[in-house]
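Structural features, examined
Given next are the chains, with one letter for each unit.
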Amino acid sequence: MSQQREPAVAGLFSEEDGVRLHGAKCTTCNTPYFPKAAHCRNPDCDESKIEPCSFGGGGVLWSYSVADFPPPAPHKYDKPFVPYVIGVVDMDNGLRLVGQMADGLEAMRIGARVELAIESIYHEAGKAFTSWKFKLL
Ligand SMILES: [Zn+2]
């Protein structure tokens, strides 16, 4: 029996039709934003025209660090706390995103290909609360 899944933060992503992060894009200069931005921040952009846009796919691991202490409230985590890797990924669509890595520290390699995944980050009240993560390919 699969456990009920629920996004840890509503509205940021979906997984029904493949992993999609819900951000925005400036239709004047094509700059992507996640999370959504109210205005285009590209200094070379002539006219800020922000529209909703969903992103999927993958990218390249640019850097990473290890979270070896529990995050402060209001962040939640399964106890006992298990250290995890936080990655910074240059997505193929131009975004540079931060996210938890699905794989352990020993597997990390700068420049490795990764793809987005939706996985649980903590469990509460019989549900798995999810967020986006990066998985090494
Ligand atoms: Zn723009």
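Per an unreviewed UniProt entry, the chain is named Benzoylsuccinyl-CoA thiolase, and its organism is Aromatoleum anaerobium.

Of all hydrophobic cores here, the largest spans 20 residues; its most connected members are Met101, Trp132 and Phe134. The set of elements that each furnish at least two residues to this core consists of β7 (84-91), β8 (96-101), β9 (113-124) and β10 (127-136). With residues up to four places along the chain from it excluded, the contact list for Trp132 reads Leu12, Phe13, Leu21, Phe34, Val98, Gly99, Gln100, Leu116, Ala117 and Ile118.

Tracing the backbone through its elements, the reader meets Phe81 in the loop between β6 (58-67) and β7. C-alpha of Phe81 to C-alpha of Pro70: the two residues are eleven residues apart in sequence and 6.1 Å apart in space. Those residues within four positions of Phe81 in sequence are excluded, and the remaining contacts are Ala67, Asp68, Phe69, Pro70 and Pro71.

To continue, consider the pairing of β6. Bridging between β6 and β9 involves three bridges; their strand directions are antiparallel. Across the sheet, the residue bridging to Gly58 is Glu115, located in β9. When β6 meets β7, the two strands line up antiparallel, connected through eight bridges. The residue of β7 that forms the bridge with Val60 is Asp90.

Here we come to the coordination of the zinc ion. Every protein donor of the zinc ion is accounted for by Cys26 (SG), Cys29 (SG), Cys40 (SG) and Cys45 (SG), and the metal-donor separations fall at 2.2 to 2.3 Å. Relative to the metal, the four donor atoms surrounding the zinc ion lie at angles of 101 to 116°, and the coordination shape comes out tetrahedral. Counting gaps between the donor residues of the zinc ion yields the pattern C-x2-C-x10-C-x4-C. Here Cys45 falls in the buried class, since its relative accessible area comes to 17%.

Counted by the stated rule, this structure contains eight salt bridges. For Lys49, the salt bridge is made with Glu47, and the minimal N-O distance between the two is 3.9 Å. Residue Arg113 is joined to Asp92 by a salt bridge in which the shortest nitrogen-to-oxygen separation is 2.9 Å. Remark: Asp92 occurs in the loop between β7 and β8 and Arg113 occurs in strand β9; sequence separation between them is 21 residues. Here the salt bridges share partners, and the residues they tie into one network are Glu119, Lys133 and Lys135.

This part is about the layout of surface pockets. A volume near 710 Å³ is recorded for the largest pocket. Lining the largest pocket are 26 residues, and of these His75, Lys76, Tyr84, Gln100 and Ile121 lie nearest its centre. With four residues, the single largest contributor to the lining of the largest pocket is β10. Classifying every residue of the lining of the largest pocket gives 17 nonpolar, six polar and three charged.

Quick notes on the rules
- Residues numbered from 1 in each chain as written.
- Predicted model: local features only at pLDDT ≥ 70, side-chain atom pairs only at ≥ 80, totals over all residues.
- Heavy atoms only, no water.
- Core = buried A, V, L, I, M, F, W, Y, C linked by side-chain atoms within 4.5 Å.
- Buried < 20%, exposed > 50% of the residue type's maximum accessible area, 1.4 Å probe, protein only.
- Helix = DSSP H or I, 4+ residues; strand = E, 2+ residues; numbered from the N terminus.
- Contact = heavy atoms within 4.5 Å.
- Pairing = 2+ DSSP bridges.
- Donors = N, O, S within 2.8 Å, 3.2 Å for Na, K, Ca; no water.
- Tetrahedral: all angles 85-135°; square planar, octahedral: opposite > 155°, others 65-115°.
- Salt bridge = Lys/Arg side-chain N within 4 Å of Asp/Glu carboxyl O.
- 1 Å grid on protein atoms, 1.4 Å probe; cavity = no way out; pocket = protein on both sides within 12 Å on 5 of 7 lines; lining within 4 Å.
- Points joined across faces, edges and corners; volume = space filled by probe spheres on them.
- Nonpolar A, V, L, I, M, F, W, Y, C, P; charged D, E, K, R; others polar.

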